[in-house]
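Analysis of the macromolecular model
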Amino acid sequence: MLNIVLFGPPGSGKGTQAEKLIEKYKLVHISTGDLLRSEVAEQTSLGMAAKKIMDAGELVSDEIVIGMIKKKVEEHKEGPGFIFDGFPRTVEQARELRKVLTDYDERVTMLISLQVPREELLARLLKRGKEMGRSDDNEQTINNRIDVYERQTVPVTYYYEKMHKHIPVNGLGTVEEIFKRIVKEIEGFEKFHQPS
Ligand code: AP5
């Protein structure tokens with residue numbers, strides 16, 4: 001299996017690049033943000049509780065998102081692999097992901113970390129807020145989402161760094177340029193790690 005964590009701050013292009021990677025590698029896409037938004041749209045009790053937290057730009061509890069991940073991994077355990085988008089977002093989530101994958105004799109192949117400066121993140125998300133009306137794409141919430149990322153999510157990179165799996169990628173440029181950079185990293189990594 002090829003199991004990629006697509007990582008980066010809000011607006012760094014995780015969802016955009018995930019779509020292209022799925023097409024190329026036929027992986028199963030697991031986005032905890034999308035899963036939570038569908039709970040909100042269906043007005044489940046989980047969705048109603050999550051909406052308040054998401055609109056404030058804070059993180060939903062580890063317990064809730066880990067439960068969602070376990071279910072999805074179980075459903076697709078025979079597949080070619082996963083793209084985890086927006087997960088793990090805390091070191092606790094990273095540890096749990098490791099346990100879940102180990103149960104299927106699998107592991108995270110690599111963490112691709114998109115590097116984009118705050119001013120560009122703000123510009124992208126404010127634009128999307130105007131065009132699409134996502135409720136957390138307003139200036140105050142965007143800034144808090146980025147602060148939360150820096151405080152609670154960046155430590156996840158140190159966790160994967162220790163395993164030599166953290167791959168920073170420049171997230172500035174056209175969608176196609178960034179995609180090529182990611183593919184180059186995946187193919188270089190796979191070649192290097194192929195069993196002889
Ligand atoms: P989530 O849905 O994961 O949102 P996010 O991390 O804030 O990411 P975004 O979807 O805003 O951005 P992205 O990096 O995917 O970029 P995208 O491709 O969309 O999480 C939302 C909330 O859910 C969290 O705040 C939290 O409350 C909760 N949550 C989710 N997962 C959780 C977890 N694991 N634990 C706890 N809570 C969790 O692009 C953004 C925009 O930029 C788009 O308009 C796009 O068209 C544009 N764009 C993309 N690439 C480029 C480019 N190269 N140049 C110009 N524009 C570009």
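In the block above lies the structure referred to throughout.
Here's what I pulled together on the structure shown here.

What counts, and where the lines are drawn
Residues numbered from 1 in each chain as written. Predicted model: local features only at pLDDT ≥ 70, side-chain atom pairs only at ≥ 80, totals over all residues. Heavy atoms only, no water. Near = heavy atom within 4 Å. Polar contact = N/O pair within 3.5 Å; in protein donor to acceptor, adjacent residues only side chain to side chain. Areas by Shrake-Rupley, 256 points an atom, 1.4 Å probe, with all protein chains shown as cover. Helix = DSSP H or I, 4+ residues; strand = E, 2+ residues; numbered from the N terminus. Buried < 20%, exposed > 50% of the residue type's maximum accessible area, 1.4 Å probe, protein only. Pairing = 2+ DSSP bridges. Axes fitted to C-alpha atoms, helices over the stretch in contact; angles between N-to-C directions. Parallel < 35°, antiparallel > 145°, perpendicular 65-115°, else oblique. Left-handed = near helix turned anticlockwise from the far one by under 90°. Contact = heavy atoms within 4.5 Å. Nonpolar A, V, L, I, M, F, W, Y, C, P; charged D, E, K, R; others polar. Expected span 1.5 Å × (residues − 1). Arc of directions from axis to C-beta.

**Here we look at the site of the ligand**
The immediate surroundings of the ligand are formed by 30 residues, with Thr 16, Glu 58, Arg 89, Arg 128 and Arg 145 found nearest. For the ligand, an oxygen atom lies 2.9 Å from a polar atom in the backbone of Gly 15. In this structure, an oxygen atom belonging to the ligand sits 2.6 Å away from a main-chain N or O atom of Glu 58. Taking 1,000 Å² as the accessible area of the ligand by itself, protein coverage stands at 86%. Those elements giving two or more residues to the shell around the ligand turn out to be helix H1 (14-25), helix H2 (32-41), helix H6 (118-132) and helix H9 (175-193).

**Section: the pairing of strand S1 (residues 2-7)**
Taken residue by residue, a regular strand's side chains alternate between the two faces of the sheet. Buried residues dominate S1, accounting for six of its six residues. Side chains Leu 2, Ile 4 and Leu 6 project from S1 onto one buried face, and the interleaved Asn 3, Val 5 and Phe 7 project onto a second face that is buried too. Sheet topology places S1 next to strand S3 (residues 81-85); five bridges connect them, and they run parallel. For Asn 3, the partnering residue across the bridge sits in S3 and is Phe 82. Here S1 pairs with strand S4 (residues 110-115) via four bridges, running parallel. Pairing of Phe 7 across the sheet is with Ser 113, part of S4.

**Remarks on the packing of H6 against helix H7 (residues 139-153)**
In contact at an axis separation of 10 Å, H6 and H7 are set at 135° when each is read in the N-to-C sense. One finds that H6 runs oblique with respect to H7. Relative to H7, H6 is oriented so that their crossing is right-handed. Here Arg 118, Leu 121, Leu 122, Leu 125, Leu 126 and Arg 128 of H6 come into contact with H7, specifically with Glu 139, Ile 142, Asn 143, Arg 145, Ile 146, Asp 147 and Glu 150. Here the contact of H6 with H7 is composed, by residue class, of six nonpolar, one polar and six charged.

**Re the pairing of S4**
Counting buried residues along S4, five of its six residues qualify, which places the element largely inside the surrounding structure. In the sheet, S4 pairs with strand S5 (residues 166-170) via five bridges, with the strands oriented parallel. Residue pairing in the sheet places Leu 111 in a bridge with His 166 of S5.

**Here's the deal with the environment of Glu 63**
Inspection of the secondary structure puts Glu 63 in helix H4 (residues 62-75). Glu 63 sits in the exposed class, given a relative accessible area of 69%. Expressed as a C-alpha distance, the spacing of Glu 63 and Gln 93, which sit 30 residues apart in the sequence, is 8.6 Å.

**Concerning H6**
The first and last C-alpha atoms of H6 sit 20 Å apart over 15 residues, in line with the 21 Å expected at 1.5 Å per residue. Inspection of H6 places Leu 121, Leu 122, Leu 125 and Gly 129 among the buried residues, and these make up the whole buried set. The buried residues of H6 occupy an angular sector of 95° when the element is viewed end-on, so they sit on one face. Summarising the geometry of H6, the exposed residues directed more than 90 degrees from the buried face are Glu 119, Lys 127, Lys 130 and Glu 131.

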